[in-house]
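Structural characterization, general
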2 protein chains.
Amino acid sequence: MEKRYYPYEDFLADARSLTQKIDWKFDAIIAIARGGLSLAQLLAEYYNIREVYSINTIGYEDTAKLDCVKVFNVPELQDAKNVLIVDDIVDSGDTLEEVLRVLHQAYPAVNFKTASLFYKKTARIAPDWYVDEADQWIGFFWTEDLK
Amino acid sequence: MEKRYYPYEDFLADARSLTQKIDWKFDAIIAIARGGLSLAQLLAEYYNIREVYSINTIGYEDTAKLDCVKVFNVPELQDAKNVLIVDDIVDSGDTLEEVLRVLHQAYPAVNFKTASLFYKKTARIAPDWYVDEADQWIGFFWTEDLK
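The following paragraphs examine the structure supplied in this document. (Residues numbered from 1 in each chain as written. Chains lettered and ligands numbered in written order. Predicted model: local features only at pLDDT ≥ 70, side-chain atom pairs only at ≥ 80, totals over all residues. Heavy atoms only, no water.)

Description of the pairing of strand β5 (residues 82-90) of chain A
In summary, the side chains of a regular strand alternate between the two faces of the sheet. Residues and elements named next belong to chain A. Note the following rule: Note on exposure labels: buried denotes an accessible area under 20% of the residue type's maximum, exposed denotes more than 50%, and partly exposed covers the range between, all computed with a 1.4 Å probe on protein chains only. Each helix is a run of H or I in the DSSP string that is no shorter than four residues. Each strand is a run of E no shorter than two, and both are numbered from the N terminus. Whether two strands pair depends on DSSP finding at least two bridges between them. A right-handed crossover is one whose linking path, passing over the helix from the first strand to the second, runs clockwise when the strands point away from the viewer.
Counting buried residues in β5 gives nine out of nine residues, a clear majority hidden from the surface. Summarising the sheet, strand β2 (residues 28-32) and β5 pair through four bridges and their orientation is parallel. Looking at β5, one finds that isoleucine 30 is bridged to isoleucine 85. Pairing between β5 and strand β6 (residues 111-119): eight bridges, direction parallel. Counted as the bridge partner of valine 86 is alanine 115 from β6. Regarding the hand of the β-α-β motif, the stretch spanning β5, helix α3 (residues 94-106) and β6 is right-handed.

In structure tokens, the structure reads:
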């Protein structure tokens, strides 16, 4: 698969594009670690939101069944009612789907919506907002620049 | 106080400088949110560490006493024995001090060390590693660039 280097400048432009698409008021942000961490920080500063959390996932192969995702470190939300979940890319959608399931179960009264920089059309679920469809391997600056 | 704009390029150079200073093997990273999120992501990719967590703090003024810091969302560490705590700046040191106290209490068998981009000499505690002393107001790119 072709590889696209994704520099900070593209990230900034795409984050701006996301802010123009997101037509929803939210009071907290959850980053799916590691992918969503930088995006969460940038958006939190833009929206002046101090409630910024992360959530962890581990993917593991179960040879007998489908691939599985374990979600942990579910954040303690303060008084948040509308929470934006962010990630860099929605690839298979497995991670986002399981994160949403766990968060809905933990916080049935909270509204969750999702945003990502990239989305693959073959994913199981689509984020509410995204910037680009990914048909290449994305070399994000946070992976590439310190090499 | 003079203001220094801190672009992504400086952040990248300082993160590289941090990796040259940190003479310690660690198996997990905790970002103090929001300030340490982007740094945690960059370092995690560099060190190929998947255990990347965040921790939250709220500062509040107690008029009768000193300013207080409440720490919450203490992460569930998997099997980590050596954990690097990262933040953008150690200013008064109140946040880092309280984060360390809470983490030592929660995980008495785990070793914690600390790293930041900036450090003020007037802070109550110094991080184990830092890049620059801060004598200006720092306008980090994640705060400035989407404005």
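A word on the pattern of salt bridges
For clarity, the cut-off: In the sections that follow, a salt bridge refers to a side-chain nitrogen of Lys or Arg positioned within 4 Å of a carboxyl oxygen of Asp or Glu.
All chains considered together, the criterion is met by 18 salt bridges over all chains. Residues glutamate 97 of chain B and arginine 124 of chain B are paired through a salt bridge, measuring 2.8 Å at the closest nitrogen-oxygen approach. Pair noted here: glutamate 97 of chain B is in helix α3 (residues 94-106) and arginine 124 of chain B is in the loop between β6 (111-119) and β7 (129-133), with a separation of 27 residues, a long-range link. With a relative accessible area of 31%, glutamate 97 of chain B lands in the partly exposed category. In this structure, glutamate 144 of chain B and lysine 147 of chain B form a salt bridge, with 3.6 Å as the shortest nitrogen-oxygen distance. Of the residues examined, glutamate 144 of chain B reaches a relative accessible area of 17% and is grouped as buried. Overall, the relative accessible area of 70% leaves lysine 147 of chain B in the exposed class. Through salt bridges that share partners, Lys3, Glu144 and Lys147 of chain A make up one connected network.

Focus: the packing of aromatic side chains
All names here are of chain A. Put simply, the test is: Here the aromatic set is Phe, Tyr and Trp, taking the six-membered ring for Trp, and pairing holds for ring centres within 6.5 Å; pairs whose planes are under 30 degrees apart are stacked, those over 60 apart are edge-to-face, and all others are tilted. Both a distance and an angle decide whether a charge sits over a ring: NZ of Lys or CZ of Arg must be within 6 Å of the ring centre and within 35 degrees of the ring normal.
Throughout the structure, instances matching the rule amount to 33 aromatic pairs over all chains. A ring pair is formed by tryptophan 24 and tryptophan 129, whose centres lie 6.2 Å apart and whose planes are at 35 degrees; its orientation type is tilted. Of this pair, tryptophan 24 sits in the loop between α1 (8-21) and β2 while tryptophan 129 sits in strand β7 (residues 129-133), and the two are 105 residues apart along the sequence. When its relative accessible area of 10% is taken as the criterion, tryptophan 129 is described as buried. Taking 4.9 Å as the distance between ring centres and 65 degrees as the angle between the ring planes, the aromatic pair formed by phenylalanine 141 and tryptophan 142 counts as edge-to-face. Judged by its relative accessible area of 2%, tryptophan 142 falls in the buried class. Positioned over the ring face of phenylalanine 72 is lysine 70, at 5.2 Å from the centre of the ring. Above the ring of tryptophan 24, the side-chain terminus of lysine 113 is found at 5.8 Å from the ring centroid.

A closer look at the interface of chain A and chain B
Operational definition: Contacts are assigned to residue pairs with any non-hydrogen atoms lying within 4.5 Å of each other. Buried area, as used here, totals the accessible surface that two parts lose on assembly, with accessibility defined by a 1.4 Å probe and the loss added over both. Two N or O atoms count as a polar contact when they lie within 3.5 Å, although within protein this holds only if one can serve as hydrogen donor and the other as acceptor, and sequence-adjacent residues are included solely when both atoms are side-chain atoms. Just so you know the grouping, Ala, Val, Leu, Ile, Met, Phe, Trp, Tyr, Cys and Pro go in nonpolar, Asp, Glu, Lys and Arg go in charged, and all remaining residues, Gly too, go in polar.
Chain A puts 37 residues into the contact, and the matching count from chain B is 38 residues. Of all residues in chain A, Arg34, Gln41 and Leu146 of chain A give up the largest surface area on contact with chain B, accounting jointly for 27% of the area buried on that side. The interface formed by chain A and chain B includes two salt bridges. For the pair chain A and chain B, the number of links is 19 residue pairs in polar contact (both at pLDDT 80 or more). Classifying every residue of the side of chain A that touches chain B by side-chain character gives 17 nonpolar, eleven polar and nine charged.

Quick notes on the relation of the copies chain A and chain B
As a reminder, the rule being used: Copies are brought into register by a least-squares superposition over C-alpha atoms of residues with pLDDT of at least 70 in both.
Expressed as a screw transformation, the operator carrying chain A onto chain B has a rotation angle of 180 degrees and an axial translation of 0.0 Å, and the superposed copies differ by an RMSD of 0.0 Å. Each copy turns onto its partner about a two-fold axis. When C-alpha positions in chain A are compared against the rotation axis, the closest is assigned to serine 38 of chain A, at 2.2 Å.

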